[in-house]
Amino acid sequence: MATRKILTEGNPTLNKLCRPVTAFDDHLATLIDDMKQTMVQANGVGLAAPQVGVLRRVVVVDLGDEIIELVNPRILEQEGEQDGLEGCLSVPERYGLVKRPNRVKVEAQDRHGEWYEYEGEGLIARCFCHELEHLDGHLYTERAYRMLTDEEYQELMRQNEEEE
Ligand code: NI
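Residues numbered from 1 in each chain as written. Predicted model: local features only at pLDDT ≥ 70, side-chain atom pairs only at ≥ 80, totals over all residues. Heavy atoms only, no water.

**Thoughts on the sheet that holds strand 4 (residues 82-88)**
Thinking step 1. With respect to topology, 3 strands assemble into an open sheet ordered 4-5-8, the strand pairing being antiparallel. Since the sheet does not close on itself, it has two edges, and those belong to strand 4 and strand 8 (146-147), each with one partner.
Thinking step 2. Bridge analysis of strand 4 against strand 5 (residues 91-100) gives 6 bridges, and the strand direction is antiparallel. The residue of strand 5 that forms the bridge with Cys88 is Val91.
Thinking step 3. Across the sheet, helix 2 (residues 123-135) is in contact with strand 4 and strand 5; its angle to strand 4 comes to roughly 50°.
Thinking step 4. Running over the sheet, helix 3 (residues 150-163) touches strand 4, strand 5 and strand 8 and is turned about 95° from strand 5. (Pairing = 2+ DSSP bridges. Helix = DSSP H or I, 4+ residues; strand = E, 2+ residues; numbered from the N terminus. Contact = heavy atoms within 4.5 Å. Axes fitted to C-alpha atoms, helices over the stretch in contact; angles between N-to-C directions.)

**Topic: the coordination of the nickel ion**
Thinking step 1. Looking at the nickel ion, one finds its protein donor set to be Cys88 (SG), His130 (NE2) and His134 (NE2), positioned 2.1 to 2.2 Å from the metal centre.
Thinking step 2. Taking relative accessible area as the criterion, His130 reaches 5% and is therefore assigned buried. (Donors = N, O, S within 2.8 Å, 3.2 Å for Na, K, Ca; no water. Buried < 20%, exposed > 50% of the residue type's maximum accessible area, 1.4 Å probe, protein only.)

Geometry only, nothing functional implied.
Here it is, written out as structure tokens:
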């Protein structure tokens, strides 16, 4: 396993459409393992393949007790609405307010090509929506109705430090 470099906003790779995965081979397994390690090391809750420069439809999401891998994911159902703060490893030191569905059901394949469904609420639903948009070349900053100011960001960081 290796940690990969995370591309940041402005890199054109982040704005490209990712192709479906067709080969469920060692190459894919290595990519997924590297993405998991890269996400954990960067303290992220989700990571999409284009963020490490690979234009394939692969996402990893940290559910807290486990990290799931979503290959060729798509949203089957969504319901409700939530409104909250969102950040992205490719957009460092910024946060924005984004409205998302509150519950999302996705289907995806695992590294062996087996299809499964997963339902997430709250932060997990937000994460699924955010990561899947990366696969279509979109960043949450396009969708945010307001980005935090530098002062608001600093205040948020101070609060987080106090909580730790
Ligand atoms: Ni992101």
